[in-house]
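Analysis of the macromolecular model
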There are 2 protein chains.
Amino acid sequence: MIGSTLDHLECSSTGERHDATRLHTTSRAGRPLLARYDLERAAATLSRETLRGRRWDLWRYAEVLPVQRRENIVTLGEGATPLLDAPGLAGALGLPEGSVWVKDEGRNPTGTFKARGLALAVSRAKELGAAGVAVPTAGNAGAAAAAYAARADLPCFVAMPRDAPPAVAAEVRAFGAELELVDGLIHDAGRRVAEVVAARGLLDLATLREPYRAEGKKTMGYELWEQLGDGGLPEVIVYPTGGGTGLIGMWKAFAELAAMGLLPADAPLPRMVAVQSTGCAPVVRAVEQGDARCDPWDEASTLAPGIRVPRVFADDLVLAALRESGGTALAVPDEEIVRGVRDLARLEGVDASPEGGATLAGLRRLVASGALAPGERAVLFVCGTGLKHPELRP
Amino acid sequence: MIGSTLDHLECSSTGERHDATRLHTTSRAGRPLLARYDLERAAATLSRETLRGRRWDLWRYAEVLPVQRRENIVTLGEGATPLLDAPGLAGALGLPEGSVWVKDEGRNPTGTFKARGLALAVSRAKELGAAGVAVPTAGNAGAAAAAYAARADLPCFVAMPRDAPPAVAAEVRAFGAELELVDGLIHDAGRRVAEVVAARGLLDLATLREPYRAEGKKTMGYELWEQLGDGGLPEVIVYPTGGGTGLIGMWKAFAELAAMGLLPADAPLPRMVAVQSTGCAPVVRAVEQGDARCDPWDEASTLAPGIRVPRVFADDLVLAALRESGGTALAVPDEEIVRGVRDLARLEGVDASPEGGATLAGLRRLVASGALAPGERAVLFVCGTGLKHPELRP
């Protein structure tokens, strides 16, 4: 035992409990399952003080992670990414120093934040005896799944759009996974994965169709809490939103921290801001229309593959996080995404994926609309490295 | 003050002292300068216990780093990379679990261990008032210099061979540095940098021609010490050797740790093993011939750009580290390098640069020759990410 206080899984829609000692994908109601912990017990050992001296990766938060036995941890050293003060960006936006921060998630294994979720999902797949894993992906989740499956010595099947970044397809193959390129988008890949899973008895790791990728992603929220220390959580989090796992995960992390008494009782939580592309903005449209769910986006098109997600499976949870946090959703055009990527490199030395560039474009719009008050801090989630995107180099 | 105990700079050849409060490149004798600290004072505050809770990057070792004032630290969150147990590689080599470890340096900013050295060099350039920086490079040091110069808002000039990896050239440009592609190899780039430095008053950051890149690289040694804890330093370190800064730096780190009383008095230090390519092996040849210096290698050729370094400026220091540690040097052909890259990905989920693959090829030869005794542990330095090398994908 490494101290996990995992208690059960809960249907995010009906609240029905599911046994956490068995493999699950979605709930009996067909909706996302969320991991629930004995947070009272977790709070007895998880604190800023006890975290000092723990390992330098996301497994430092063992109490609120689902893996039961240390030997089932499949790790490449994911998490514990830098949170960088970005005075150059702040200056370019006309903001004072200390207003803009970058969480550089490109520093994870396989160069993207997908590693966090897949490390957890593959570890639990191993722990609970899955014969292998399969994942539909815009690209990077497939690369991460392939890497962790290689490390765990589990078979891995990946389906991704034929026009996904060639660097990512090559990466999946290098890790020894079986790759199938699919005509269409990520939901078309999802259909293909469902067929393969049914035929071969693999575990489907599609976004929020299993409970543990969100648990890995939530550690981004724990890290913000730990890294900002006495400064408290940031006022605004700008997050590139495709399937929304990280946004849901971080919102869950803040609720857990609050329940454990690790946040000041009166401190407001961050406003969560989802950034999408004008070429694929189902969440933005739902927010603007006040809808509780997202309609599929027709003819999705953007140069940022990670946010080219026309059907958001956990749309209700994404929209709830935005609403409950007092946040919003913004769409930015591709040319602003490219400008964001270039400014991150030129002004801060941060090599960002296009989705990362989108967050800077989103922040520009927030600032222009006065949505960031004086003294407030915004954290941009640069979710991946620019090394996979030679097409965006100046 | 952040606790640096930097005292002076010392000529590695004559021992002559140089003032550490001014910018220097080489010593008055034209040889590398090494930073010397008040290690007695450092030992008063640097210990396993005090390191608990410090920041998750190489700046945690502030006492033995040269930067004097916190505001001069130019950081992208470098260092604190994972040290991964590699049972899959151990098994493939016929070794027991726990024998093979991978230090995944590809997780640094700009995807290589060059970030460590350039973070320090650029921070000191800023602290001591340099007008800008320039660097000759096989590629990755240029990308790192460009990133840190962007972050420090300093001009940066980079010269690299025309046949350097295109991904790296594009990266340098993205960070806003001035890039010049040079006919020839890294020493030809070095001549061009010397001209530009003279004309523009920039600081030359060529390998071991300034004292602080080695200080950044030495933190790899401190991390091994910290990460392996009570297990003690590994018996063997397998290191891809071009200019040799990291090898020299780690050997210096172990001497500092010993001087501070942070190593058991009777424990042997690691045997340092330099891996080069059969197409460019000046260090290997010197070791085989028992020479104290390395002759330049004619017609250097290998697909691993980082070890295509025919003239080793700090050859005496590299050879001394190998000799004093009881280590050796090995040359491996390109096809074994490619196999190493593929096995790291397929067996461990680690995406390695060709120089990283070379270390696995080197370890295979060590094992075949019986140079790794039963129960000994070898650490492979995977110095960069495979994402910059699409040409090596299967």
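Provided above is the structure to which this section pertains.
What comes next concerns the included structure. (Residues numbered from 1 in each chain as written. Chains lettered and ligands numbered in written order. Predicted model: local features only at pLDDT ≥ 70, side-chain atom pairs only at ≥ 80, totals over all residues. Heavy atoms only, no water.)

Observations regarding the environment of tryptophan 225 of chain B
Residue and element names in this part refer to chain B. One can find tryptophan 225 in helix 8 (residues 213-228). By relative accessible area, which is 3% here, tryptophan 225 ends up buried. Residues tryptophan 225 and alanine 253, 28 residues apart in the sequence, show an inter-C-alpha distance of 9.5 Å. Those residues in contact with tryptophan 225 that lie beyond four places of it in its chain are Ser47, Arg48, Leu51, Leu233, Leu257, Leu262 and Leu263. A distance of 3.1 Å separates a polar side-chain atom of tryptophan 225 from the backbone oxygen of leucine 262. (Helix = DSSP H or I, 4+ residues; strand = E, 2+ residues; numbered from the N terminus. Buried < 20%, exposed > 50% of the residue type's maximum accessible area, 1.4 Å probe, protein only. Contact = heavy atoms within 4.5 Å. Polar contact = N/O pair within 3.5 Å; in protein donor to acceptor, adjacent residues only side chain to side chain.)

Quick notes on the interface of chain A and chain B
Of the residues lining the interface, 43 residues belong to chain A; the matching set on chain B comes to 43 residues. Contact with chain B buries surface across chain A, with Trp56, Arg107 and Leu387 of chain A losing the most and accounting together for 25% of the total. For the pair chain A and chain B, the number of links is two salt bridges. Here glutamate 348 of chain B makes a salt bridge to arginine 151 of chain A, at a shortest N to O gap of 2.5 Å. Connecting chain A to chain B are ten residue pairs in polar contact (both at pLDDT 80 or more). Along the lines of polarity and charge, the residues of the side of chain A that touches chain B split into 19 nonpolar, nine polar and 15 charged. (Buried area = accessible area lost by both parts, 1.4 Å probe. Salt bridge = Lys/Arg side-chain N within 4 Å of Asp/Glu carboxyl O. Nonpolar A, V, L, I, M, F, W, Y, C, P; charged D, E, K, R; others polar.)

Comments concerning the sheet that holds strand 7 (residues 156-161) of chain A
Pairing in this open sheet of four strands is parallel, and the strands run 8-7-6-9 (chain A) from one edge to the other. Only two strands of the sheet have a single neighbouring strand rather than two, namely strand 8 (178-182) and strand 9 (203-204) of chain A. (Pairing = 2+ DSSP bridges.)

Considering empty space enclosed by the protein
Tallied over the entire structure, the rule returns six cavities of 30 Å³ or more. Approximately 370 Å³ is the volume attributed to the largest cavity. Tallied by class, residues from the lining of the largest cavity come to ten nonpolar, twelve polar and seven charged. (1 Å grid on protein atoms, 1.4 Å probe; cavity = no way out; pocket = protein on both sides within 12 Å on 5 of 7 lines; lining within 4 Å. Points joined across faces, edges and corners; volume = space filled by probe spheres on them.)

Points about helix 7 (residues 186-200) of chain A
Residue and element names in this part refer to chain A. With 15 residues, helix 7 ought to run about 21 Å at 1.5 Å a step, and its terminal C-alpha atoms sit 21 Å apart, in line with that. Within helix 7, burial applies to Ile186, Asp188, Ala189, Val193, Val196 and Val197. The inward-facing, buried residues of helix 7 abut strand 6 (133-136), strand 7, strand 8 and strand 9. Note on helix 7: the residue one or two positions beyond its end, glycine 201, has a positive phi of about 70°. (Expected span 1.5 Å × (residues − 1).)

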